[in-house]
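Analysis of the macromolecular model
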Amino acid sequence: MAHPSSYQPNTGIERWLDARLPIVRVVHDQFMVFPTPRNLNYWWTFGGILTFMLAVQIATGVVLAMHYVPTESGAFDSVEKIMRDVNWGWLLRYAHSVGGSMFFLAVYIHTFRGLYYGSYKAPREVLWILGVLILMLMIATAFMGYSLPWGQMSFWAVTVITNLFSSLDAVIPGLGTRLVQWIWGGFAVGGPTLNRLYSLHYLFPFLIAGVVALHIWALHIPGNNNPTGIDVKVPADTVPFHPYYTIKDGFALVAFILVFAAVVFYAPNFLGHPDNYVPANPLQTPTHIVPEWYFLPFYAILRAIPNKLLGVAALNGSILILFFVPWLDTSKVRSTRYRPIYKWFFWAFVVTCVALGYLGAQQPEGLYLVLGRIFTAYYFAFFLVVMPVVGLIEKPRGLPGSITEPVLGPEAVRARPAKAPRRLKPEQVG
Amino acid sequence: MNSSSFVLTAGALLLALTGPSAAEDASGTPANNNHAPEIARQSWSFTPPFGTYDNAQLQRGFQVYKEVCANCHSMRLLSYRNLGEPGGPEFAPKAVEVLASQVQVTDGPNEKGEMFQRPARPSDRFRSPFANEQLARLANNGALPPDLSVIAKARPGGPDYVYALLTGYRPAPQGFALTEGMHYNATFPGHQIAMAPPLSDGVVAYTDGTKRVVDNYARDVSAFLMWAAEPKLEERHTVGARVMIFLIVFLAIMYLAKRVVWTRVHHGKKQRTA
């Protein structure tokens, strides 16, 4: 795509296939020799990790679906049957439920990495937008999946979240209520709701897989960004994807799986809520209805705003605003590494997201509510004020001459002084 | 954001994820910041990473359940056969058959179209003490005794909570407005519980020499309920250990392979042409 093909079909059958479906050529060009910046750090390994997690979720999910019963009376017991009577069912189910958490952990790291290194800036806007789309699909999929065990927290999370649509009653009276009933398939959350959530929970991962394919395609047109944020200039700035990044991504993936396995085998319910082992009961509201940890920041934003419609608007806005990041950021350089002012705002944003996650699990009252509002304000200010304004007033630090220069440093200077003259010591320059 | 900060973050994450794992399948979430008093951690034989159930303890716990709890509480997700399966109380197959046959269950309809009573088989589910919720409430002053199949995972604190609840009965403090028919319990959220103190010293006749005191009853039945909620825990811990060893070795190999491959670039040698 972005570079001339170097595939040489050597045998007759390869030439025959290449003329009809050049799939081997695509694999060779895009995943073997694909020129990749030589300086990618470990934060870049999460793309591969995410692809792996999607595969894990689909593989475990397909088998779980063979045993799961999407009815009000059958859902909870069928999950317990999986845990007790299905061969390796406990492993499949814990891998799937913990897998959802690990998937979000990875996607958040991946997103923050993109934000930090300016990976959304031209020419990677479409790549970024597709990524935000994947994030939204993931949120929808995870929400629907969480409803399936039909425990107390499942049921009440569905009740709370679907009820958000009723806020549209404030726009056109009756619209929200009609919409909510249409979503429920009745006048309350019940069997029809569970059945459709199950159907869509099975569908959405394949939509995600499709958008992931587009995401990777959009990545392979401009190629990877890198920690310096400067463009690849000469072939020496890159290494072939294989073996350099297959091995590096592979190493990071094994490390990630190690953490994943530790949770699955030793604390599989650590990230879950005990209430979800209580079968759904429409007549008994839990004392606290809390979403899964990965939704807590958004939940905090929702509850920080006293007006229901505006709260829902803020909740949606907090994700939709990501679509506009490529145009909100006015900086001329990509990487935050060279942005002395923006750097502080960026880390304040990371702290804000973590703080909102903490506050999402607390009761929205007193100091918690005040803090929730302050952090919500900063969440939006980061995108709407910091990104446009700091980019205009900030003077970036000097960029290195090439990708290779900061990577190899003085060693490269000794080897090829002519290529990196700026790293010479003053006395050598004379 | 360089590789060392990555390693630090990853390490912190690992710690954060594995640190609280002593609470295993029972940990509360940050949401439980209201009422419910602190639940004291107990030491259990089944704590990760290598813990296993104590068969004798589970057998005693089953005895406590059968003779005390089962009068009001169902365990509808368990079958008698589970009592003989590996990683549980591991009663002998013959003992499981006898335990099951002591219970009469409803079966049918037969060829005359009638329901009939027969002794339970190992494949039968535990018989519930009440035919339906309404009967259960009627017999219990309006309160519904919860099913105990997964109770040890359905309460923050898990088996620690069950133990604390069973040993948490106290005389109501001065000035505490206790509703008629309720009982004061230091552990129960709100401190008013409908269940009368179920255990007292000597109520269950242990035969293995274990002291017949409330503390032992509570401890044993909590362990039994943990097994009932998580019957594959031993298998999980065993498989987990093998998987972790495999992954650690795999990780080391991948690290070395990565080092070898990247030396070509780091040493400035001419890279293979793409």
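Counting starts from 1 at the beginning of each chain's written sequence and moves along it residue by residue. All chains are assigned letters beginning with A, and all ligands numbers beginning with 1, in the order in which they are written. In view of the model being predicted, local features appear only for residues whose pLDDT reaches at least 70, and side-chain atom pairs are presented and counted only at 80 or more, with totals across whole chains, interfaces and linings using the full set of residues.

1. Considering the overall build of chain B
Each helix is a run of H or I in the DSSP string that is no shorter than four residues. Each strand is a run of E no shorter than two, and both are numbered from the N terminus. When helices and strands are counted, chain B shows seven helices and four strands. Walking chain B from its N terminus toward its C terminus, one meets helices and strands in the order α-α-α-β-β-α-α-β-β-α-α. As a rule, residues whose C-beta atom has 12 or fewer other C-beta atoms within 10 Å are exposed, those with 20 or more are buried, and those in between are partly exposed; C-beta atoms are placed from the backbone. Residue burial in chain B is summarised as follows: out of 274 residues, 33% are buried. Within chain B, counting contacts between residues at least 6 apart in sequence, those at least 24 apart form 62% of the total. Contact between residues is assigned whenever the C-beta positions, reconstructed from backbone atoms, fall within 7 Å.

2. Description of the overall build of chain A
In terms of regular secondary structure, chain A is built from 17 helices and two strands. Each principal axis of the C-alpha distribution contributes one length, and for chain A these read about 80 × 60 × 45 Å. Per-residue burial for chain A yields a buried fraction of 43% across its 430 residues. Sequence-distant contacts, at least 24 apart, represent 74% of the contacts inside chain A between residues at least 6 apart.

3. A few points about the packing of helix α4 (residues 75–84) of chain A against helix α5 (residues 89–116) of chain A
All names here are of chain A. Packing of α4 against α5 brings their axes to within 6 Å, and their N-to-C directions diverge by 120 degrees. In terms of orientation, α4 lies oblique with respect to α5. For the pair α4 and α5, the contacting residues are V79, I82 and M83 in the first and G89, W90 and R93 in the second. Looking at the contact of α4 with α5, its residues break down into four nonpolar, one polar and one charged. All axes are obtained by fitting lines to C-alpha atoms, using only the stretch in contact for helices, and the reported angles, taken between N-to-C directions, cover 0 to 180 degrees. Angles are sorted into four bins: roughly parallel if under 35 degrees, roughly antiparallel if over 145, roughly perpendicular if 65 to 115, and oblique for all others. Note that Gly is not counted as nonpolar here; it falls among the polar residues with everything else outside the nonpolar set of Ala, Val, Leu, Ile, Met, Phe, Trp, Tyr, Cys and Pro and the charged set of Asp, Glu, Lys and Arg.

4. Some words on the domain arrangement of chain B
If you check the domain split of chain B, you get domain 1 (35–78 + 125–231) and domain 2 (235–274). Domain delimitation in this document rests on an assignment produced automatically or drawn from a domain database. Here the C-alpha centroids of domain 1 of chain B and domain 2 of chain B sit 48 Å apart.

5. What about the domain arrangement of chain A?
Interface size, as often reported, equals the accessible area lost upon joining of the parts. Residues and elements named next belong to chain A. Partitioning chain A into structural domains gives domain 1 (1–7 + 17–289) and domain 2 (301–399). The straight-line distance from the C-alpha centre of domain 1 to that of domain 2 is 23 Å. Elements supplying a minimum of two residues to the side of domain 1 that touches domain 2: α5 and α6 (125–147). When residues of the side of domain 1 that touches domain 2 are assigned to their parent elements, the largest contribution, five residues, is made by α6. When grouped by side-chain class, the residues that make up the side of domain 1 that touches domain 2 number twelve nonpolar, five polar and two charged.

6. Concerning unusual backbone geometry
With an omega dihedral of 5 degrees, the bond running from A122 of chain A to P123 of chain A counts as a cis peptide bond. Along the chain, P123 of chain A turns up in the loop between α5 and α6. At the junction of P48 of chain B and P49 of chain B, the peptide bond is cis and its omega measures out at 5 degrees in the coordinates. Within the chain, W88 of chain A stands out as a residue other than glycine whose phi angle is a positive 60 degrees. As for its placement among the helices and strands, W88 of chain A is situated in the loop between α4 and α5. For W150 of chain A, which is not glycine, the phi torsion reads 55 degrees and is therefore positive. Position of W150 of chain A among the secondary structure elements: in the loop between α6 and α7 (152–163).

7. So, the nonpolar core
Counting 64 residues, the largest nonpolar core has I49, V98, A106 and V263 of chain A as the members making the most contacts within it. Of all the secondary-structure elements, those providing two or more residues to this core are α3 (46–65), α4, α5, α6, α7, α9 (191–220) and α10 (241–266) of chain A. The greatest single-element share of this core, amounting to 13 residues, is contributed by α5 of chain A. Only buried residues count toward a nonpolar core: Ala, Val, Leu, Ile, Met, Phe, Trp, Tyr and Cys, linked into one set through C-beta atoms within 7 Å. Grouped together as the second largest cluster of nonpolar side chains are 46 residues, V96, L148, A218 and F224 of chain B included.

8. Section: the environment of P297 of chain A
Residue and element names in this part refer to chain A. Looking at the element boundaries, P297 is found in helix α11 (residues 296–304). By C-beta crowding, P297 is classed as buried, having 23 other C-beta atoms within 10 Å. In this structure, the C-alpha to C-alpha distance between P297 and T376, residues 79 residues apart in sequence, is 9.1 Å. If we skip the residues at most four places from it in the chain, P297 touches C353, L356, G357 and G360.

9. Points about the environment of T228 of chain A
All names here are of chain A. Turning to its location among the elements, T228 is positioned in the loop between α9 and β2 (238–240). T228 sits in the buried class, given 23 other C-beta atoms within 10 Å. Taking C-alpha positions, T228 is 49 Å from D169, a pair spaced 59 residues apart along the chain.

10. Some thoughts on the packing of α11 of chain A against helix α14 (residues 342–360) of chain A
All names here are of chain A. For the pair α11 and α14, interaxial distance at closest approach is 7 Å and the crossing angle is 75 degrees. Taken together, the axes of α11 and α14 are roughly perpendicular relative to one another. Where α11 approaches α14, its residues L296, P297, Y299, A300 and I301 are matched on the opposing element by C353, L356, G357, L359 and G360. In terms of residue class, the contact of α11 with α14 is built from eight nonpolar, two polar and no charged.

11. Here we look at the confidence of the model for chain A
When pLDDT is low, close inspection of the predicted coordinates is not appropriate. With 94% of its residues at a pLDDT of at least 70, chain A reaches an overall mean of 93. Confidence per residue, as judged by the predictor, is encoded in pLDDT with a range of 0 to 100. In this model, residues 410–430 of chain A is a region of pLDDT below 50 whose contacts with residues beyond four sequence positions or in other chains number 17 contacts.

12. As for helix α15 (residues 366–393) of chain A
Turn by turn, an α-helix covers 3.6 residues, leaving residues three or four places apart pointing in a common direction. All names here are of chain A. The angle between axes fitted to the seven-residue stretch ending at a residue and the seven-residue stretch beginning at it gives the bend at that residue. Taken as a whole, α15 carries its principal kink of about 50 degrees at A381. Taken residue by residue, α15 has G372, F375, T376, Y379, F382, V386, M387 and V390 as its buried positions. Along its buried surface, α15 packs onto α11, α12 (308–320), α13 (325–328) and α14.

13. Some details on helix α2 (residues 55–67) of chain B
Residues and elements named next belong to chain B. A helix's residues, less one, multiplied by 1.5 Å, set its expected span. Along its 13 residues, α2 runs 18 Å from first to last C-alpha, staying within 8% of the 18 Å computed at 1.5 Å per residue. Within α2, burial applies to Q57, L58, Q59, R60, G61, F62, Q63, V64 and Y65. Tucked inside the fold, the buried residues of α2 contact α6 (214–229).

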